[in-house]
Amino acid sequence: MKKNIYIAIVLVMILTFIPLDIYAYDFYGDFVDVKIKTKNINEEIILYSSKGFTLFDKGNKNLELMDIDNEEILIKANADGLIDILDVSGKFIITISKDGSTMIGSKDSFESIIQVDNDRYRDYILFLINKDKINIINHIDIEHYLYGVVPREIPASSPKEALKAQVVVARSYAHTSLNNHINEGYNLCNTTHCQVYGGYDWENSNTNEAVNETYGEYVSYNGNIVNTPYHSNSGGYTEDSEKVWGGSLPYLIGVEDTYSLNAPNSSWTVNITPGELKEKLLQSGIDVGEVLNVEIIKTTDSNRVKEIKIIGSKKEEFISGNKFRSIIGSTYLKSTLFSIN
């Protein structure tokens, strides 16, 4: 008889903080490279700016390399592995490097907003060729970056002080995450792996105001900017950092969080069949045969799953709760705070 495994999960997204200080710092002029899109090497990319474009040297933004009067241009990789800029009729304009050293900005003297295909972004756009892919990068002032992050991470209709608190946390998290993708040639991605970033079209006057009013403020512990991961709902209790990532941080310890109880996303259910789980395990290099059962063996003090036993027709496999979550998919299985029925 076919047996379904129903995994009932109470959401917890990482951690909450013990009391910390908020300090101001000067982030003026600090830019980050955010990957916003990836295209196949043979795909064309359309850029639009009502004022036309200016090419800049990334190492010196005051160095204007060339003006392009066209409102719309095409970006395309050429046979030499470089990047050609063309007009909409396909007429060649100029070739630029594939390493992102040449940036494209708007000629608008007030604010640079460039449309990339159907989405708009502030400041500059650059391109990195990586094998058979083109990574499209938004080189953007970190405060402008926050304009596009905060409304994706909290409803813009939230109380003003809640928006400002979210901004300070997001700014701190961005600052401590700048090396997330450094080996790939950029700083941050636009997904939950870093922070969800939507660009200019997601901006809201409420959240932009919160960014402006907290300019240069961040969370600090012992004089250093701290890593500030945040969650949608803790499920009622957060977790110590060492039980999530293996490193003990005195400002990231488990605390009771009664505000999360009975709030949106405080509880939810994931359904997965034994066959689906078998396929996910095989994709991760684990072959237990047919999945017969899944048991929770150990939990942490906050009742998060520390170790799981998977019983199969071939063998039993013991894995950590974090690995199990990764196998299922961390955006699907949103926490290790769950029970199994």
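Every value quoted in this text rests on a predicted model; they were computed, and no experiment measured them.

Student: Where do I start with the overall build of the protein chain in this structure?
Tutor: Scanning the protein chain from N- to C-terminus turns up 5 helices and 22 strands. In terms of its C-alpha atoms, the protein chain occupies a principal-axis envelope of roughly 65 × 45 × 30 Å. Looking at the protein chain as a whole, 47% of its 341 residues qualify as buried. Pairs at least 24 residues apart make up 64% of the contacts formed inside the protein chain by residues separated by at least 6 positions. Within the protein chain, one finds 32 positive and 46 negative side-chain charges whose respective centroids are separated by 8 Å.

Student: Could you clarify how one ought to interpret the pairing of strand 3 (residues 31-40) in this entry?
Tutor: Side-chain positions along a regular strand alternate between the two faces of the sheet. In the sheet, strand 3 pairs with strand 14 (residues 133-141) via 9 bridges, with the strands oriented antiparallel. By the bridge assignment, Val 32 is partnered in strand 14 with Ile 140. Here strand 3 runs beside strand 15 (residues 188-189); their pairing, made up of 2 bridges, is parallel. Each bridged residue has a counterpart across the sheet, and for Val 34 the counterpart in strand 15 is Leu 188.

Student: Can you help me understand the side chain of Asn 187 in this one?
Tutor: You can see Asn 187 is positioned in the loop between helix 2 (160-176) and strand 15. At 2.8 Å, the side chain of Asn 187 and the backbone nitrogen of Asp 33 are in polar contact. Of the polar contacts made by the side chain of Asn 187, one reaches the backbone oxygen of Leu 178; its length is 3.0 Å. In this structure, Asn 187 is in contact with Val 32, Asp 33, Ser 177, Leu 178, Asn 180, His 181 and Ile 182, ignoring residues within four places of it in sequence.

Student: Where do I start with the packing of helix 1 (residues 142-153) against helix 3 (residues 205-213) in this structure?
Tutor: Each pair of packed helices gets described by two things: the angle between the helix axes and the distance between those axes. Here helix 1 crosses helix 3 at 135°, and the two axes come no closer than 9 Å. By the angle between their axes, helix 1 is oblique relative to helix 3. When the axes of helix 1 and helix 3 are compared, the crossing they make is right-handed. Contacts between helix 1 and helix 3 involve Glu 143, Leu 146, Tyr 147, Val 150 and Pro 151 from the first element and Thr 207, Asn 208, Val 211 and Asn 212 from the second. Here the residues of the contact of helix 1 with helix 3 are counted per class, giving 5 nonpolar, 3 polar and 1 charged.

Student: It is not clear to me how the side chain of Arg 171 should be interpreted in this structure. Could you clarify?
Tutor: Assignment of secondary structure puts Arg 171 in helix 2. According to the relative accessible area criterion, Arg 171 is buried, its value standing at 0%. In terms of polar contacts, Arg 171 uses its side chain to reach the side chain of Glu 143, at 2.9 Å. Among the polar contacts listed, one links the side chain of Arg 171 to the backbone oxygen of Thr 214, at a separation of 2.9 Å.

Student: Please explain the environment of Ile 142 as it appears in this structure.
Tutor: Checked against the element boundaries, Ile 142 lands in helix 1. The buried category is assigned to Ile 142, whose relative accessible area is 1%. It is 6.1 Å that separates the C-alpha atoms of Ile 142 and Val 32, two residues lying 110 residues apart in sequence.

Student: Before we go on, may I ask you to explain the sheet that holds strand 21 (residues 316-320) in this structure?
Tutor: By definition, the strands of a sheet pair up through backbone hydrogen bonds, in either a parallel or an antiparallel sense. Spatially, the 3 strands line up as an open sheet ordered 19-20-21, and their pairing is antiparallel. At either end of the open sheet lies a strand with only one pairing partner, and these are strand 19 (291-299) and strand 21. Between one strand and the next, the sheet's axes are offset by a mean angle of 20°, whatever the strand orientation. Relative to strand 21, strand 20 (residues 305-312) runs antiparallel, the two sharing 5 bridges. Paired with Ile 311 across the bridge in strand 21 is Glu 316. Each of strand 19 and strand 20 is contacted by helix 4 (residues 274-283), which is oriented at about 70° to strand 19, the strand it contacts most. Lying on the sheet, helix 5 (residues 321-328) is in contact with strand 19, strand 20 and strand 21; it crosses strand 21 at an angle near 100°.

Student: What is the right way to read helix 1 from this model?
Tutor: Owing to its 3.6 residues per turn, the α-helix brings residues three or four apart onto one side. Taking 1.5 Å per residue as the helical rise, helix 1 with its 12 residues ought to reach 16 Å, and the 16 Å between its terminal C-alpha atoms agrees with that figure. Where helix 1 is concerned, the buried positions are Ile 142, Glu 143, Tyr 145, Leu 146, Tyr 147, Gly 148, Val 149, Val 150 and Pro 151. Of the surrounding secondary structure, the elements contacted by the buried residues of helix 1 are strand 3, strand 12 (119-122), strand 14, helix 2, strand 15 and helix 3. Backbone nitrogen of Glu 143 and a side-chain oxygen of the N-cap are separated by 2.8 Å at the start of helix 1; the cap is Asp 141.

Student: Help me understand the pairing of strand 20, please; the structure alone is not making it clear to me.
Tutor: Taken across its 8 residues, strand 20 has 6 buried, putting it largely inside the fold. The pairing of strand 19 with strand 20 spans 7 bridges and is classified as antiparallel. By the bridge assignment, Asn 293 is partnered in strand 20 with Ile 311. Hairpin connection, strand 20 to strand 21: the antiparallel pair is bridged by 3 residues.

What counts, and at which threshold
Residues numbered from 1 in each chain as written. Predicted model: local features only at pLDDT ≥ 70, side-chain atom pairs only at ≥ 80, totals over all residues. Heavy atoms only, no water. Helix = DSSP H or I, 4+ residues; strand = E, 2+ residues; numbered from the N terminus. Buried < 20%, exposed > 50% of the residue type's maximum accessible area, 1.4 Å probe, protein only. Contact = heavy atoms within 4.5 Å. Lys, Arg positive; Asp, Glu negative; His and termini not counted. Charge placed at Lys NZ, Arg CZ, Asp CG, Glu CD. Pairing = 2+ DSSP bridges. Polar contact = N/O pair within 3.5 Å; in protein donor to acceptor, adjacent residues only side chain to side chain. Axes fitted to C-alpha atoms, helices over the stretch in contact; angles between N-to-C directions. Parallel < 35°, antiparallel > 145°, perpendicular 65-115°, else oblique. Left-handed = near helix turned anticlockwise from the far one by under 90°. Nonpolar A, V, L, I, M, F, W, Y, C, P; charged D, E, K, R; others polar. Expected span 1.5 Å × (residues − 1).

Geometry only, nothing functional implied.
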